[in-house]
Amino acid sequence: MVIKVFLASSSGSTAIKKKQQDVVGFLEALKVDYTQLDIACNEDNRMWMRQNVPEDRKPTNGIPLPPQIFNEESYCGDYDTFFDAKEDNSVYSFLGLPPPPGSKEAEKADKADIVENGTHAEETNTVGNLDDLIEVPVEERNGNTHREEEKLQQVADEEEEAQDGEEEEITEEETADKEETAEDETPMEEEEAVEEADEVTEYIQAHAEEEEGQEEEELRQLEEEEEAEVQEDEEEDLEETQEEEAE
């Protein structure tokens, strides 16, 4: 699966450039493989992007602005939805990719699996052990009705249960010690990767707020440029048609 990021290399909008840098910078920080596709220098890229952005995700004028993000042919979203996913620690889910081990998104998914599968496992084990909890009377098994043998067997069972209880307590203590040791031995590389991702997120959030005041005006200018280009193309097509009719 290849992540495609549609960008405008020669955009005159500072806000658009900043958003494109934020998306690319965050993907590189997460070490996600992606491909940049320029819509400013390649008409095919621009037309493909416009045609494949869902209608309900396009702006009022029908012209989607970069950056736009795809996973192969599947539409992921624009900058705003990407930013929301980043805030919610669900960027990999947004991109349609499995989260790497050690990331916050992977830990969230693991906790959800433990809650769901762990409860199911406990119920299954309880049902499976019912047969072990039901003890068949000795008389029904072999017809032996001697009370003395029953008492001796009961004493032996009680001693065995007491011994098993002591062994279980020791096993539980050993298991708890192993779990504490395993938690202390969490790989430093995974912690550093998570910390690095958090630092990138904080950096992007800090700079995203600086230019919010300029976005509306710059977006309006870019939309006007897009509309002017469309109108110019239509005028050129009309002139060519008139020239052909004149000939």
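Rules used in this analysis
Residues numbered from 1 in each chain as written. Predicted model: local features only at pLDDT ≥ 70, side-chain atom pairs only at ≥ 80, totals over all residues. Heavy atoms only, no water. Axes fitted to C-alpha atoms, helices over the stretch in contact; angles between N-to-C directions. Helix = DSSP H or I, 4+ residues; strand = E, 2+ residues; numbered from the N terminus. Parallel < 35°, antiparallel > 145°, perpendicular 65-115°, else oblique. Left-handed = near helix turned anticlockwise from the far one by under 90°. Contact = heavy atoms within 4.5 Å. Nonpolar A, V, L, I, M, F, W, Y, C, P; charged D, E, K, R; others polar. Buried < 20%, exposed > 50% of the residue type's maximum accessible area, 1.4 Å probe, protein only. Arc of directions from axis to C-beta. Core = buried A, V, L, I, M, F, W, Y, C linked by side-chain atoms within 4.5 Å.

A. A look at the packing of helix α1 (residues 14-29) against helix α3 (residues 79-87). Between α1 and α3, the least distance of the axes is 11 Å, while the angle of their chain directions is 40°. The orientation of α1 relative to α3 falls into the category oblique. As α1 runs across α3, the sense of the crossing is left-handed. In this structure, α1 uses K19, D22, V23, F26 and L27 to contact α3, whose residues at the interface are Y79, D80, F82 and K86. For the contact of α1 with α3, the residue count by class is five nonpolar, no polar and four charged.

B. Summary view of α3. Of all the positions in α3, only Y79, F82, A85 and K86 are classed as buried. Summarising the axial view, the buried residues of α3 lie within an arc of 125°, below the 170-degree limit, and thus occupy one face.

C. Highlighting the nonpolar core. Residues I3, L27, V32, I69, F82 and L95 are the most contacted members of the largest nonpolar core, which totals 20 residues. Those elements that place two or more of their residues in this core are β1 (3-7), α1, α3 and α4 (91-95). In this structure V32 touches I3, L27, Y92, L95 and L97, once residues within four positions along its chain are discounted. Membership of the second largest hydrophobic core comes to seven residues, among which are I39, V53, F70 and Y75.

D. Region of interest: the environment of Q51. Topologically, Q51 is positioned in helix α2 (residues 43-52). In sequence terms Q51 and I63 are 12 residues apart; their C-alpha atoms lie 9.8 Å from each other.

E. Summary view of unusual backbone geometry. For the peptide bond that leads from P66 to P67, omega is 0°, which places it in the cis range. Topologically, P67 is positioned in the loop between α2 and β3 (68-71). Positioned with a positive phi, K31 is a non-glycine residue whose angle comes to about 60°. On the basis of relative accessibility, which here comes to 75%, the residue K31 falls in the exposed class. With phi around 55°, E72 is a residue other than glycine that occupies positive phi space. We classify E72 as partly exposed; its relative accessible area is 32%.

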